[in-house]
Amino acid sequence: MEEIDFVQILYQQLLYLREQAESEGIRVEVYVENPLVVKANKTLLESLITNLVVNAINHNTNGGEIKMSIQDNSFIIMNTGQSQPLDPDKIFRRFNKTTHEKKGNGLGLSIVLQICKLHNWELEYRYENGYHTFIVSFRII
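I will try to describe carefully the structure that is included in this document. (Residues numbered from 1 in each chain as written. Predicted model: local features only at pLDDT ≥ 70, side-chain atom pairs only at ≥ 80, totals over all residues. Heavy atoms only, no water.)

Some thoughts on the pairing of strand S7 (residues 131-137)
Then, number 1: The element S7 is extensively covered by neighbouring structure, given that 6 of its 7 residues are classed as buried.
Then, number 2: As paired strands, strand S5 (residues 74-79) and S7 are joined by 6 bridges and run antiparallel to one another. Its bridge partner being in S7, Asn 79 is matched across the sheet by His 132.
Then, number 3: Pairing geometry for strand S6 (residues 122-128) and S7, over 7 bridges, is antiparallel. (Buried < 20%, exposed > 50% of the residue type's maximum accessible area, 1.4 Å probe, protein only. Helix = DSSP H or I, 4+ residues; strand = E, 2+ residues; numbered from the N terminus. Pairing = 2+ DSSP bridges.)

What follows is the structure in structure tokens.
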């Protein structure tokens, strides 16, 4: 565990993932309200970010959007996609897939949940105004 600049890690991960999103016609926006330093395992933090962003890409629509923000000691990622809320009782289960047509193996969000539990962070899902929203609330050092 070490003190990590979350914004720096987010931008490093986006170097690899933004191109994937844009190749599928998905616009990516990042808004940073304030700096954020978290105490975490760096590899697990990178995995958390990657899994959330890849999930937002894989379950989006061509021409869709991904909006990320860092505010109030939280990382918020929102994406367009399926026009109805996901089942909150199932989305964090291993091997859960919302449709058989989508990419992935159904492990990404369960991995994110386990990383949050390990670090004692909160993970929340909402569906609002046409966006699937995941919020990671950090315990600040």
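Description of the pairing of strand S4 (residues 65-71)
Then, number 1: Counted residue by residue, S4 has 5 buried out of 7 residues, so it is predominantly covered.
Then, number 2: Sheet analysis places strand S2 (residues 27-32) next to S4, joined by 6 bridges and oriented parallel. Residue pairing for S4: Val 28 is matched across the bridge by Ile 66.
Then, number 3: Summarising the sheet, S4 and S5 pair through 6 bridges and their orientation is antiparallel. Opposite Ser 69, over in S5, you have Ile 76 as the bridge partner.
Then, number 4: Between the end of S4 and the start of S5, which pair antiparallel, lie 2 residues, with Asp 72 showing a positive phi angle near 50°.

Observations regarding unusual backbone geometry
Note: most peptide bonds trans; most residues except glycine with negative phi.
Then, number 1: The phi torsion at Asp 72 lies on the positive side, around 50°, for a residue other than glycine.
Then, number 2: Within the secondary structure layout, Asp 72 lies in the loop between S4 and S5.
Then, number 3: A relative accessible area of 60% means that Asp 72 is categorised as exposed.
Then, number 4: Residues other than glycine seldom take positive phi values, yet Asn 129 does so here, at roughly 50°.
Then, number 5: With respect to the secondary-structure elements, Asn 129 resides in the loop between S6 and S7.
Then, number 6: Here Asn 129 falls in the exposed class, since its relative accessible area comes to 77%.

Observations concerning the nonpolar core
Then, number 1: Grouped together as the largest cluster of nonpolar side chains are 37 residues, with contacts concentrated most on Phe 75 and Trp 121.
Then, number 2: Looking at this core, the elements that each hand over two or more residues are helix H1 (6-23), strand S3 (37-40), helix H2 (42-58), S4, S5, helix H3 (108-119), S6 and S7. (Core = buried A, V, L, I, M, F, W, Y, C linked by side-chain atoms within 4.5 Å.)

Quick look at the side chain of His 119
Then, number 1: Along the chain, His 119 falls in helix H3.
Then, number 2: A relative accessible area of 5% places His 119 in the buried class.
Then, number 3: Other than its neighbours up to four places away in sequence, His 119 contacts Met 1, Lys 39, Ala 40, Asn 41, Leu 44 and Arg 139. (Contact = heavy atoms within 4.5 Å.)

So, the packing of aromatic side chains
Then, number 1: Considering all chains together, one arrives at 4 aromatic pairs under this definition.
Then, number 2: Both rings, one in Phe 6 and one in Phe 75, keep their centres 5.1 Å apart while their planes meet at 55°; by these two values the pair is tilted. Here Phe 6, found in helix H1, pairs with Phe 75, found in strand S5; they are 69 residues apart in sequence, far enough to count as distant. As far as the burial class goes, Phe 6 and Phe 75 line up, both buried.
Then, number 3: Between Phe 6 and Phe 138, the aromatic rings sit 5.2 Å apart at their centres with planes inclined by 55°, giving tilted as the arrangement. Pair noted here: Phe 6 is in helix H1 and Phe 138 is in the segment after S7, with a separation of 132 residues, a long-range link. In this pair, the class of Phe 6 matches that of Phe 138, namely buried. (Phe/Tyr/Trp six-rings, centres within 6.5 Å; stacked < 30°, edge-to-face > 60°.)

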